[in-house]
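Chains, contacts and geometry: an overview
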Amino acid sequence: MTADLTRPTGRTGGDPGLPGRAGGAGDARKKRRRPFGAQPLGILFSAPYVIFIGVVFAYPIVFAVWMSFHDYFFTAPGAKVDRPFVGLDNYVTALSDPAVWRSFGNVGIFLLINVPLTVVLSIVLATALDRVVRARAFFRVAFYVPYVTASVAVVAVWLFLFSNSGMINNALGPLAPSPSWLVNSALAMPTIALFVTWKGLGFYILLYLAALQNVPRELHESVAVDGGGRIRQFFSVTVPGVRPATFLVVLLATITGANLFTEPYLLTNGGGPNGASTSPVLLIYQKGIEQQNPDVAAAIGVVLIVFVLIIAALQRRFVGREES
């Protein structure tokens, strides 16, 4: 038997084309991971926002969860008192309160009106604005102004419009509801939903306008060549093309609606009539601040968080499944 002298010797492995090189050394260097990523400087730039998220969002949520399991009450600054662990007592107290269930029912009615209306109006108006040639900037600003206007200022206008002797009732005449809109237990929350939809419409229109820039014009032209009109182009090209934006709009509108507070507090004088427009966040304020039961209010807040997470998961499952 003769040895193959054509192959280089003295190697411990590695690339056969590079004799004498220790095998796996290059791979080991490639696999060596940096503890702070490829760009450590990015951590420095993102640190302020991470701190902001931790202080403003993460810490309050963790503290609220802790409060919900303890007998918590407000004391003077610096006072040290015992706050014993009470388990699920605060949750039992919260969920056995009919006002809590009614507030969640109220926000459910709100979401059923606000979210579909926001999506439909936003995408239709954004599509129309995208086709406008003249005064495009004026119309975009006109839709966006209510969103950036303080709610306190706009609420005064809606109180004038929907009061018992307001312009809406005067225009409807005998068809006007009695009692009036905001003091009617059946119409108070739908009226608030219309107000929130109108006020936030400009923001969602801008989201759809940005999404429409990514829809190729050639698709509209091909549908037009096949004989499709504007309506067919809208449902065959525009709606599928902006589906990621639709999922985002639905998610943001749901989160915003679940945190409803200012509108019922100002429009219906704190959730009236008789709690017909009370939202969970407004109820948290009433129980935690006005009634001095912050532990029960924290339990309601935790339940609200779980409620929003479930709704978001369902939306991700059914609305955003095609994007995944």
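Quick look at the structure, then. Just so we're clear, the structure is a prediction, and the values are computed from it rather than from any experiment.

The rules behind the values
- Residues numbered from 1 in each chain as written.
- Predicted model: local features only at pLDDT ≥ 70, side-chain atom pairs only at ≥ 80, totals over all residues.
- Heavy atoms only, no water.
- 1 Å grid on protein atoms, 1.4 Å probe; cavity = no way out; pocket = protein on both sides within 12 Å on 5 of 7 lines; lining within 4 Å.
- Points joined across faces, edges and corners; volume = space filled by probe spheres on them.
- Helix = DSSP H or I, 4+ residues; strand = E, 2+ residues; numbered from the N terminus.
- Nonpolar A, V, L, I, M, F, W, Y, C, P; charged D, E, K, R; others polar.
- Buried < 20%, exposed > 50% of the residue type's maximum accessible area, 1.4 Å probe, protein only.
- Contact = heavy atoms within 4.5 Å.

Before going further, it helps to spend a moment on empty space enclosed by the protein. Per the counting criterion, the structure on display carries one cavity of 30 Å³ or more. The volume enclosed by the largest cavity comes to roughly 60 Å³. Secondary structure elements with two or more residues in the lining of the largest cavity: α4 (98-131) and α9 (217-225). In terms of residue class, the lining of the largest cavity is made up of two nonpolar, three polar and three charged.

Note that Ala-253 resides in helix α11 (residues 243-258). You can call Ala-253 buried: its relative accessible area is 2%. Separated by 135 residues in sequence, Ala-253 and Thr-118 place their C-alpha atoms 7.6 Å apart. Not counting residues within four places of it along the chain, the set of residues in contact with Ala-253 comprises Leu-111, Asn-114, Val-115 and Tyr-204.

Next up on the list: the environment of Gly-166. For Gly-166, the position within the fold is in the loop between α6 (151-162) and α7 (167-172). The exposure class of Gly-166 is buried, given its relative accessible area of 2%. As a C-alpha pair, Gly-166 and Ser-180 span 14 residues in sequence and 9.5 Å in three-dimensional space. Residues contacting Gly-166, with those up to four places away along its chain left out, are Phe-160 and Leu-161.

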